[in-house]
Every structure is written in C-alpha cells, then in structure tokens.
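Analysis of the macromolecular model
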Amino acid sequence: MELDRLDRDIIAALVEDARTTYAEIGQQVGLSASAVKRRVDRLRDVGAITGFSARVAPQALGWTTEAYVELFCAGKTKPSDIAIAVARYPEVVAAATITGEADALLHIRATDVRHVERVIERIAAEAFVVRTKSSIVLSRLVEPETRNGSPLSA
C-alpha cells in the first residue's frame, strides 16, 4: 500500500489524538473535513488504519509493575502462533520476535510481582514454550509517550 504525504500527515494526527475531528485534521493538512473523511475511510479499507483505541495509563488499572520476558520456543514455532497465544493475556502490552537466542520478547504490565509471576507461569505453560527468562523493571529512564516526534515524521 502506497501512502502519500497527506495520508501520512492524517495518520500522524490520528496517532497523536484519535479524537481529533476531521475538520481539525483538515486545517492541519490543508483539506476539507469531507476529503479527510474519505481518506480515512480509504486508509481503513486498505488496512493502513486498523482501528482506534484509548491509551490508558497503566497506573489507572493498578498495573504499576513491569517486566520483560524472553520466550524460548520449541522447534520452528511460527511468529503468528506466538502472537495468537500471547494476545490472550491482557497483561502483555507488547510482543516482538527478536534476534539472538530467544525467539520473542514480551513486555508485561501487572499489579505486582506475584501477578507478573502468575502471567509468566501461564505463558510458560503454552505448548510451544521451552523456557522463559524474565527481568523486572526497576525504574523507567525514558517514557515512550513523552518522546518527541511521531514515528511517521521521517
């Protein structure tokens, strides 16, 4: 799918605040509200925009403990199988396949260390998981939400 500059600018505005009106986005990018709506509809139809969501502060849910968990999988476990399995755990806020010895890295948010432990136990029980290696976050040095610039502003 090819995105032109206007598409990227519209997506960047929606990433910044998904509640921004089409009229406000139109003012930013130089289009009418109806033209922005048509582009957003097209971007949804082609799968460039997959949905809209709310960003909730983990602290609001009481999830103040973080961990990163490396997954070591059996044989040639497909990334899609890992994704389907870990998507069942709301505590897994991000997951990626990685280079190195581990097959995947999970970012977990939970209420406390015991909660993290229970989540890891459930994930470790998945048929394809051989072992896990976890690290508890002591303090955040850089918050992703406060980084300057948009991932689309290149």
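The rules behind each value
- Residues numbered from 1 in each chain as written.
- Predicted model: local features only at pLDDT ≥ 70, side-chain atom pairs only at ≥ 80, totals over all residues.
- Heavy atoms only, no water.
- Helix = DSSP H or I, 4+ residues; strand = E, 2+ residues; numbered from the N terminus.
- Expected span 1.5 Å × (residues − 1).
- Buried < 20%, exposed > 50% of the residue type's maximum accessible area, 1.4 Å probe, protein only.
- Arc of directions from axis to C-beta.
- Contact = heavy atoms within 4.5 Å.
- pLDDT = per-residue confidence, 0-100.
- Axes fitted to C-alpha atoms, helices over the stretch in contact; angles between N-to-C directions.
- Parallel < 35°, antiparallel > 145°, perpendicular 65-115°, else oblique.
- Phe/Tyr/Trp six-rings, centres within 6.5 Å; stacked < 30°, edge-to-face > 60°.
- Lys NZ or Arg CZ within 6 Å of the ring centre and 35° of its normal.
- Core = buried A, V, L, I, M, F, W, Y, C linked by side-chain atoms within 4.5 Å.
- Pairing = 2+ DSSP bridges.

With 12 residues, helix α5 (residues 113-124) should cover 16 Å at 1.5 Å per step; its first-to-last C-alpha distance of 16 Å lies within 8% of that length. Inspection of α5 places His115, Val116, Val119, Ile120 and Ile123 among the buried residues, and these make up the whole buried set. Taken around the axis of α5, the buried residues stretch over an arc of 135 degrees, which confines them to a single face. Looking at the buried positions of α5, the neighbouring elements they touch are β1 (65-73), β2 (92-97), β3 (104-110) and β4 (129-136).

Below, the discussion takes up the confidence of the model for the protein chain. In the predicted model, the protein chain carries a mean pLDDT of 91, and the fraction of residues at 70 or more is 93%. Every residue in residues 149-154 is under pLDDT 50, and counting partners more than four places away or in other chains gives six contacts.

Time to look at the packing of helix α1 (residues 5-16) against helix α3 (residues 33-45). Interhelical geometry of α1 versus α3 gives an angle of 90 degrees and a closest axis separation of 11 Å. With respect to each other, α1 and α3 are oriented roughly perpendicular. In this structure, α1 contributes Leu6, Asp7, Ile10, Ile11 and Leu14 to the contact, and α3 contributes Val36, Arg39, Val40, Arg42 and Leu43.

In the structure shown here, the tally under the stated rule is zero aromatic pairs. Residue placement shows Arg131 over the ring face of Phe72; its charged tip is 3.8 Å from the ring centre.

Moving on, we get to the nonpolar core. Core analysis: the largest hydrophobic core is formed by 19 residues, its most contacted members being Leu71, Ile82, Val92, Leu106, Ile108, Ile123 and Phe128. Mapped by element, the contributors of at least two residues to this core are β1, α4 (79-86), β3 and α5. Contact partners of Ile108, with chain neighbours within four places excluded, come to Thr65, Glu66, Ala67, Val69, Glu91, Val92, Val119, Ile120 and Ile123. Of all hydrophobic cores here, the second largest spans 10 residues; its members include Ile11, Ile25, Leu43 and Ile49.

The next point concerns the sheet that holds β4. The four strands are arranged β2-β3-β1-β4 in an open sheet whose pairing can be described as antiparallel. Two strands lie at the open edges of the sheet, namely β2 and β4, each paired on one side alone. Taken pair by pair, the neighbouring strands of this sheet meet at an average axis angle of 20 degrees, ignoring direction. Here β1 runs beside β3; their pairing, made up of seven bridges, is antiparallel. Residue pairing in the sheet places Tyr68 in a bridge with His107 of β3.

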